[in-house]
Amino acid sequence: MPVAARRAGVVVVGGGLGGAMAAAHLARAGVPVVVCEQSVRPQPRVCGEFLSFEGAALLRDIGIDLPAAAPPIATVAVHGPHRTLVSRLPGGNVGVSRLWLDEALRQRAGDLGASIHRGVTVQRITPRPGSGALVETSDGDWDADAVVVATGKRDLRGVAARERVTDVVGVQLHVSVTPEVRRRLQGRVELWVGEGAYGGVALIDDTTLNVSCVIAPAVARAPGLVASHLMPALMRRHRAAARVLAGIDWPETRMTAVAPVPYGYVRSDAPGPGIVCVGDQLAVIPSLTGDGMTMALASGREAGRVLAGVWGGRAGPDARLAEASALYHARMVRAFSRQVRVAVWLQRLFAHPRALDGLLRAGVWLPPVVPLLMRATRVPQRFRATG
């Protein structure tokens with residue numbers, strides 16, 4: 001005999017940056033919220049782990065202080081095949097591990113009153129008339145008045161799949177570094193660019209370096225995803241990678257990978273009445289801009305605030321939730337579309353190293369070039385926290 005679905009106010013599908021942030025704001029506003037998180041323990045993510053000062057302010061706004069060991073990042077160095085441009089960044093940026101940050105956000109959401117369900121896979125959502133959806137999970141079903149889709153780069157049945165804008169593979173690894181490499185990279189994020197590939201490194205604590213790359217599928221298949229095979233192959237193939245990654249001892253470890261990555265995608269409409277998307281389910285900005293984490297946090301915050309602002313507390317369909325979900329998506333499309341377009345243009349430029357060398361040459365003589373491009377890809381002012 002089928003078991004009746006449990007009632008829920010809001011179900012958040014995925015407890016990463018966007019999902020946990022949405023849950024925290026909903027719970028703080030007194031909205032009953034359930035978070036379904038697939039992982040049982042912290043998992044590595046394909047992410048550059050660069051947190052801008054805007055992202056740090058969003059965390060403080062919800063009551064999370066960054067660890068004292070989070071290394072400050074004051075400069076960015078962009079390495080083409082023959083040229084390098086170093087530019088200063090606004091103060092307050094840090095490198096921070098997603099292993100710590102995702103868990104801290106889930107803990108904060110739970111402390112504020114959200115019900116966190118770990119080891120639960122959401123199999124499908126079925127929108128219902130009016131607002132909300134039936135959420136089918138590996139641990140039984142939920143009948144939710146509203147749903148926040150926060151599954152990151154993984155699509156969810158019942159939600160329209162994101163169109164593939166680019167066909168690339170993202171890979172990531174944490175690696176221990178020597179004191180010499182640490183001194184060389186301290187206080188900066190370093191980006192390298194090669195033909196059809198690019199990557200970046202940043203310290204996330206005193207001894208650990210985040211190494212992230214975007215490569216073509218064929219490149220990933222050739223040497224495989226074991227770091228000791230893939231990374232030396234990239235260094236042999238790309239001069240800029242060899243400069244940035246020099247001195248690193250690559251372990252016999254399989255790198256975390258995700259494919260395809262729909263860089264450039266922006267979801268223009270809500271998946272259904274009372275259903276909103278956050279993080280990479282809303283917009284996927286190319287990783288080279290360093291603003292993906294902040295965009296996920298900002299979208300989660302806004303989703304939580306929008307839904308909480310119309311929450312009536314009555315079970316069942318609510319036209320206000322349906323209107324709020326449509327309003328949220330329209331607002332976020334207007335907010336993030338330009339940033340994503342500029343970042344995609346930069347990504348395409350990065351695919352042509354000789355053209356990039358020309359831009360780097362111009363950047364040496366025109367210092368405002370890099371700051372202007374960076375400002376064009378930041379989260380808009382109205383979605384930032386003031387703290």
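Residues numbered from 1 in each chain as written. Predicted model: local features only at pLDDT ≥ 70, side-chain atom pairs only at ≥ 80, totals over all residues. Heavy atoms only, no water.

1. Some points on the pattern of salt bridges
1) Next: With the rule as written, the count across this model stands at 14 salt bridges.
2) Next: Where Asp143 meets Arg7, a salt bridge forms, and the shortest distance between an N and an O atom there is 3.2 Å. On the criterion of sequence distance, the pair formed by Asp143 in strand E10 (residues 140–149) and Arg7 in strand E1 (residues 6–13) is long-range, its members being 136 residues apart.
3) Next: Of the charged contacts, one joins Arg28 and Asp61 as a salt bridge, the two residues approaching to 3.8 Å between their closest N and O atoms. With a gap of 33 residues between them, Arg28 in helix H1 (residues 17–28) and Asp61 in helix H2 (residues 53–62) connect regions that are remote in the sequence.
4) Next: The structure contains a network of salt bridges with shared partners spanning Arg7, Arg128, Asp143 and Asp145. (Salt bridge = Lys/Arg side-chain N within 4 Å of Asp/Glu carboxyl O. Helix = DSSP H or I, 4+ residues; strand = E, 2+ residues; numbered from the N terminus.)

2. Here we look at the sheet that holds strand E12 (residues 188–194)
Sheet strands line up and pair through hydrogen bonds in the backbone, either parallel or antiparallel.
1) Next: One open sheet holds the seven strands; their spatial order is E5-E4-E12-E13-E14-E11-E15, and the pairing between them is mixed. Unpaired on one side and paired on the other, strand E5 (84–88) and strand E15 (256–258) mark the two borders of the sheet. Across the sheet, the mean angle separating the axes of adjacent strands is 15 degrees when strand polarity is ignored.
2) Next: Looking at chain direction, strand E4 (residues 75–79) and E5 are connected through five bridges and run antiparallel. Following the sheet pairing, Thr75 is matched in E5 by Arg88.
3) Next: Sheet strands touched by helix H6 (residues 227–237): strand E11 (169–176), E12 and strand E14 (208–215). Its angle to E14, the strand with the most contacts, is close to 65 degrees. (Pairing = 2+ DSSP bridges. Axes fitted to C-alpha atoms, helices over the stretch in contact; angles between N-to-C directions. Contact = heavy atoms within 4.5 Å.)

3. Examining the pairing of E14
1) Next: Of all eight residues in E14, eight are buried; the element is thus mostly enclosed.
2) Next: Residues Thr208, Asn210, Ser212 and Val214 point to one face of E14 and Leu209, Val211, Cys213 and Ile215 to the other, with burial holding for every one of them.
3) Next: Examined bridge by bridge, E11 and E14 share eight bridges and lie antiparallel to one another. Of the residues in E14, the one forming a bridge with Leu173 is Val211.
4) Next: One ladder, built from six bridges, connects strand E13 (residues 197–203) with E14; its direction is antiparallel. Following the sheet pairing, Tyr198 is matched in E14 by Val214. (Buried < 20%, exposed > 50% of the residue type's maximum accessible area, 1.4 Å probe, protein only.)

4. Digging into the side chain of Thr151
1) Next: Summarising the element assignment, Thr151 is placed in the loop between E10 and E11.
2) Next: Of the residues examined, Thr151 reaches a relative accessible area of 10% and is grouped as buried.
3) Next: Here the side chain of Thr151 touches Arg154 through a polar contact of 2.6 Å, landing on its backbone oxygen.
4) Next: Side-chain polar atoms of Thr151 contact the side chain of Gln281, separated by 3.3 Å.
5) Next: Apart from residues no more than four positions distant in its own chain, Thr151 is found in contact with Val13, Leu156 and Gln281. (Polar contact = N/O pair within 3.5 Å; in protein donor to acceptor, adjacent residues only side chain to side chain.)

5. Focus: empty space enclosed by the protein
1) Next: On inspection of all chains with the given rule, the structure shows one cavity of 30 Å³ or more.
2) Next: Quantified by volume, the largest cavity comes out at close to 30 Å³.
3) Next: Residue lining of the largest cavity: Pro71, Pro72, Ile73, Leu185, Gln186, Gly187, Arg188, Ala202 and Leu203, and that is the complete set.
4) Next: Residues that form the lining of the largest cavity fall into these classes: six nonpolar, two polar and one charged. (1 Å grid on protein atoms, 1.4 Å probe; cavity = no way out; pocket = protein on both sides within 12 Å on 5 of 7 lines; lining within 4 Å. Points joined across faces, edges and corners; volume = space filled by probe spheres on them. Nonpolar A, V, L, I, M, F, W, Y, C, P; charged D, E, K, R; others polar.)

6. A closer look at H6
1) Next: Among all positions of H6, only Ala227, Ser228, Leu230, Met231, Leu234 and Met235 are buried.
2) Next: The inward-facing, buried residues of H6 abut E11, E12, E14, helix H5 (217–221) and helix H7 (239–244).

7. A word on the packing of H2 against helix H8 (residues 292–309)
1) Next: Interaxial distance between H2 and H8 falls to 9 Å at its minimum, and their mutual angle equals 35 degrees. Considering only the axes of H2 and H8, their crossing is left-handed. Contact residues: H2 offers Glu54, Gly55, Leu58, Leu59 and Asp61, while H8 offers Thr294, Leu297, Ala298 and Arg301.
2) Next: The residue makeup of the contact of H2 with H8, split by class, is four nonpolar, two polar and three charged. (Left-handed = near helix turned anticlockwise from the far one by under 90°.)

8. Thoughts on the nonpolar core
1) Next: Of all hydrophobic cores here, the largest spans 73 residues; its most connected members are Val11, Leu105, Ile125 and Val147.
2) Next: Setting aside residues up to four positions removed in sequence, Ile125 forms contacts with Ala133, Leu134, Val135, Val147, Val149, Leu156, Arg157, Gly158, Val159 and Ile275.
3) Next: In this structure, Cys213, Ile215, Ala227 and Ala240 belong to the second largest nonpolar core, which totals 30 residues. (Core = buried A, V, L, I, M, F, W, Y, C linked by side-chain atoms within 4.5 Å.)

9. Notes on the pairing of strand E9 (residues 133–137)
1) Next: Burial along E9 is one-sided: the residues Ala133, Val135 and Thr137 are buried and none of Leu134 and Glu136 is.
2) Next: Counting the residues between successive antiparallel strands, the hairpin from strand E8 (residues 122–127) to E9 contains five residues, one of them, Gly130, with a positive phi of roughly 95 degrees.
3) Next: As defined by bridge partners, E9 adjoins E10 across five bridges and the pair is classed as antiparallel. In the sheet register, Glu136 faces E10, and the bridge partner there is Asp141.
4) Next: Linking E9 to E10, which pair antiparallel, is a turn of two residues.

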